[in-house]
Amino acid sequence: MRVLFAIAELYPWVKTGGLGDVAAALPAALAAEGADVRLVLPGFRGFLDGLPGIADRLRLATPFVPERVRIAAARLPQSGLAVYLVDHPAFYDRPGNPYTDAAGADWPDNHRRFALLGRAAAALALGADPDWTPDILHGHDWHLGLAPAYLAAQRAVAAAAGAASVFTVHNLAFQGLFPAASFADLFLPASFQSVEGIEFHGQVSFLKAGLHYADRLTTVSPTYAREIATPAFGAGLDGLLRRRTGDLSGILNGVDTAVWDPAHDPNLPLSYSAARAARGKGAAKAALRRRFALDGDEDAPLFGVVSRLVPQKGLDLLLAALPELVGDGAELALLGSGDADLERGFTAAGAAYPGRVGVEIGYDESLAHLIVGGADILVMPSRFEPCGLTQLYALRYGTLPLVRRVGGLADTVVDASAHSLAAGTATGFGFDGEDSRALLSAAERAVALYRDRAAWRRMMRRAMTRDFGWGQAARQYMALYRALRPSA
Ligand code: ADP
Ligand code: GLC
């Protein structure tokens, strides 16, 4: 089974969130299940500088630019998987992050940048590399939404041409919306600019293109797969998703244990495991409290946050609940960056409660590990959460998640109810709704349980031993690929 994995981010070279983590782990897990996987990535500077052995592979004629576009080859250092880099510096070699300039504004030519990426992926799926033609083109998020559309356009000319397509939604809120006039820059058949195509309320939607033209759709948890077919979570695309329910499945992400394992984590003072967690966990907590100069009661529960600071993550609720939480003696260590008002809000909270609330605005992989290891409770009150990886990392590190019961959070965290505690299945704390008092009451339940050391240790051990490896997900994707290409 040859699989071309088309994606815009890849940890550790280019990452803005969980998408980069998935790109780093899932292809290798698919390879372990017997797939012959290659990746296609945009030629971002992070990749050009970081990937070893970059060499010419082929040149691709495209309608976007007069010159042929260099497709370079590289190999991933650990897994050895082959990579195609769409190396068009005028599009991809820019300062800032993959999607925006350094000031956070979307690049004005994003539709052309990601059309080229989608077109290159489709070309490879149609045999542009004579040595390797994939059976499956697996594209991710709006950045690759056009890849299935270009494949479909080719099929209209030559039926059954090329690979079958799978499109995975990691976040329905990022839609890749552009003005209708940009359609002319995409070089798709005119008939595609319709409601039964890529048009979305008078605009062009790359995400909708993926949802409409791919042969199969997936998203990253079973609950989110159900949620996005409803108006409340469907971001205007729920009608299309309801029509395609038979083609849509939710496959839960996993944890890359090469990167997230408390038994081998250079960012922690001591390693620890489920069987012997107490000393290592205590040392991580002490290091984290020192790092943020927290000086309350050292036996008080320490809440942690590692997050993009955006409305999706619901952290305004935590901000509202903070005075009472701190009043109850709790401490907070937060790392995040994003929207200016949330950054300001948490910075102000840090100043209002020195020694109790530690806030670092920024992006810091190493500190993220220390918070995930050193906190007692990880807070993720997301309004929606396609899967969420941070709570999975927290579970593995024995840091019990406090989550809103949506999407992947609902699928991965078992609320400590009387029933689940008695049954020995509880791994965290859940709440519902839009009210910070609901978060607060879940936090108070957590604090009460935290005081029962034996019960807490049992929950930690259970959280740490739950299996969130990538193997399960890889097997489900393989089954999907086989259903599309039984003879491959
Ligand atoms: P999302 O992709 O929606 O941001 P996930 O929970 O799936 O949410 O993944 C977030 C990833 O980004 C995790 O690997 C998390 O550790 C990382 N992360 C988020 N914010 C930061 C930050 N400020 N510094 C370091 N890592 C961060
Ligand atoms: C998105 C989602 C997050 C998910 C990640 C990886 O960024 O917001 O919930 O875990 O993609 O699939």
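In this report, the structure presented in the accompanying data block is examined. The numbering scheme is per chain: residues are counted from 1 as the chain's sequence reads. Chains carry letters and ligands carry numbers; both start at the beginning, A for chains and 1 for ligands, and go up in the order they are written. Where totals are concerned, whole chains, interfaces and linings use all residues; where local detail is concerned, this predicted model gives features only for residues with pLDDT of at least 70, and gives and counts side-chain atom pairs only at 80 or more. In computing side-chain properties, one takes all heavy atoms of the structure into account and sets aside hydrogens as well as water.

1. Regarding the sheet that holds strand β14 (residues 331–338)
Where strands meet in a sheet, backbone hydrogen bonds hold them as pairs that are either parallel or antiparallel. The criterion, for reference: Being paired, for any two strands, means DSSP has found at least two bridges between them. Numbering goes from the N terminus for both helices and strands, where a helix is a DSSP run of H or I of at least four residues and a strand is a run of E of at least two. Under this scheme, a helix contributes an axis fitted over its contacting stretch, all axes are lines through C-alpha atoms, and angles between N-to-C directions fall in the 0 to 180 degree range. We call two residues in contact whenever any of their non-hydrogen atoms come within 4.5 Å of each other.
Pairing within the open sheet is parallel, and its 6 strands lie in the order β15-β14-β13-β16-β17-β18. With partners counted over all chains shown, the strands left at the sheet margins are β15 (357–361) and β18 (429–431), one partner each. When the angles between neighbouring strand axes are averaged without regard to direction, this sheet yields 15°. Strand direction decides the pairing type here: strand β13 (residues 302–309) and β14, joined by 8 bridges, are parallel. Each bridged residue has a counterpart across the sheet, and for V306 the counterpart in β14 is L335. Contacts from helix α9 (residues 278–291) reach β13, β14 and β15, with the element oriented near 65° to β13. Sheet strands touched by helix α16 (residues 436–450): β13, β16 (377–380), β17 (400–404) and β18. Its angle to β18, the strand with the most contacts, is close to 160°.

2. Comments concerning the site of ligand 2
Rules: A cutoff of 4 Å decides nearness: a residue is near a molecule or strand if any of its heavy atoms lies inside that distance of it. The term polar contact refers here to a pair of N or O atoms within 3.5 Å; inside protein, the definition further demands a hydrogen-donor-capable atom paired with an acceptor-capable atom, and it admits residues adjacent in sequence only when both atoms are side-chain atoms. Each accessible area is a Shrake-Rupley result for a 1.4 Å probe, and residues are judged covered by the shown protein chains and nothing else. Gly counts as polar in this scheme, as do all residues outside two lists: the nonpolar Ala, Val, Leu, Ile, Met, Phe, Trp, Tyr, Cys and Pro, and the charged Asp, Glu, Lys and Arg.
Neighbouring residues of ligand 2: 14 residues in total, closest H170, N253, E385, C387 and G388. E385 places a polar side-chain atom, nitrogen or oxygen, 2.5 Å from an oxygen atom of ligand 2. A distance of 3.5 Å separates an oxygen atom of ligand 2 from a polar backbone atom of P386. In isolation ligand 2 has 310 Å² of accessible area, and contact with the protein removes 93% of it. The element that contributes the greatest number of residues to the shell around ligand 2 is helix α1 (residues 18–32), accounting for 3 residues. Split into classes, the residues belonging to the shell around ligand 2 amount to 6 nonpolar, 6 polar and 2 charged.

3. Quick look at the pairing of β15
When a strand is regular, its side chains alternate between the sheet's two faces. In this sheet, β15 lies alongside β14 in parallel orientation, the contact comprising 5 bridges. Each bridged residue has a counterpart across the sheet, and for G336 the counterpart in β15 is I361.

4. As for the site of ligand 1
Around ligand 1, a shell composed of 21 residues is seen, among which G18, D21, R308, K313 and G362 lie nearest. Between K15 and ligand 1, the recorded distance is 2.9 Å, taken from a side-chain N or O atom to an oxygen atom. The contact in question runs from an oxygen atom of ligand 1 to an N or O atom on the side chain of D21, over 2.7 Å. Calculation on ligand 1 without its partners gives an accessible area of 560 Å², and the protein chains cover 93% of this total. Looking at the shell around ligand 1, the elements with two or more residues in it are α1, β13, β14 and α13 (390–396). Ranked by the residues each element gives to the shell around ligand 1, the list is headed by β13, at 3 residues. Residues that form the shell around ligand 1 fall into these classes: 7 nonpolar, 8 polar and 6 charged.

5. Focus on the packing of aromatic side chains
The test is simple: The pairing test for Phe, Tyr and Trp rings, Trp by its six-membered ring, is centres within 6.5 Å, and the orientation test on the planes gives stacked under 30 degrees, edge-to-face over 60, and tilted for anything in between. Categorising residues by exposure relies on relative accessible area from a 1.4 Å probe, with only protein chains included: less than 20% of the type maximum marks a residue as buried, more than 50% marks it as exposed, and the intermediate range marks it as partly exposed. Counted as over-ring charges are cases with an Arg CZ or a Lys NZ within 6 Å of the ring centre that also lie within 35 degrees of the ring normal.
Taken as a whole and assessed by the stated rule, the structure comprises 17 aromatic pairs. Between Y272 and Y397 the ring centres are 6.5 Å apart and the planes differ by 85°, which places this aromatic pair in the edge-to-face class. With Y272 in the loop between β12 (248–250) and α9 and Y397 in the loop between α13 and β17, the pair connects residues that are 125 residues apart, well separated along the chain. One exposure class covers both Y272 and Y397, and it is buried. Ring-pair connections join several aromatic residues into one group, and the members of that group are Y99, F114, W142, F178 and F206. The aromatic ring of W107 is capped on one face by R94, whose charged end is 4.9 Å from the ring centroid.

6. A short note on the environment of G127
Checked against the element boundaries, G127 lands in the loop between α4 (110–125) and β6 (136–140). Overall, the relative accessible area of 27% leaves G127 in the partly exposed class. Spatially, the C-alpha atoms of G127 and A163 are 8.9 Å apart, while their sequence positions differ by 36 residues.

7. Comments concerning the sheet that holds strand β5 (residues 82–87)
If you walk across this open sheet you meet the 9 strands as β3-β4-β5-β2-β1-β6-β7-β11-β12, and the pairing is mixed. Two strands close off the open sheet at either side, each with one partner strand: β3 (55–60) and β12. Direction aside, the axes of adjacent strands within the sheet are offset by 25° on average. For strand β1 (residues 2–6) and strand β2 (residues 36–42), the ladder comprises 5 bridges, and the chain directions are parallel. Its bridge partner lying in β2, L4 is registered against R38. The strands that helix α5 (residues 146–157) touches are β6 and β7 (164–169); relative to β7, the one it contacts most, it runs at about 155°. Sheet strands touched by helix α6 (residues 206–213): β7 and β11 (216–219). Its angle to β7, the strand with the most contacts, is close to 135°.

8. Considerations on the pairing of strand β4 (residues 69–75)
Counting buried positions along β4 yields 5 of 7 residues, so the element is predominantly enclosed. One ladder, built from 5 bridges, connects β3 with β4; its direction is antiparallel. Bridge assignment links D56 to a residue of β4, and that residue is A72. Bridge count for β4 against β5 is 6 bridges, and the pairing is antiparallel. Of the residues in β5, the one forming a bridge with A72 is L85. Hairpin connection, β4 to β5: the antiparallel pair is bridged by 6 residues, and G80 has positive phi, about 75°.

9. Some points on the pattern of salt bridges
Here the idea is simple: oppositely charged side chains can pair when their charged atoms come close. Put simply, the rule reads: Between Lys or Arg on one side and Asp or Glu on the other, a salt bridge is scored when a side-chain nitrogen of the former is within 4 Å of a carboxyl oxygen of the latter.
Tallying each qualifying case throughout the model produces 30 salt bridges. With a closest N to O distance of 3.6 Å, D36 and R2 form a salt bridge. One end of the pair, D36, is in strand β2; the other, R2, is in strand β1, with 34 residues separating them in the sequence. Ionic pairing is found between D56 and R59, a salt bridge with its closest N-O pair at 3.9 Å. Among the residues examined, R59 registers a relative accessible area of 46% and is labelled partly exposed. If you follow the salt bridges from partner to partner, you end up with R38, R57, D129 and D131 in one network.

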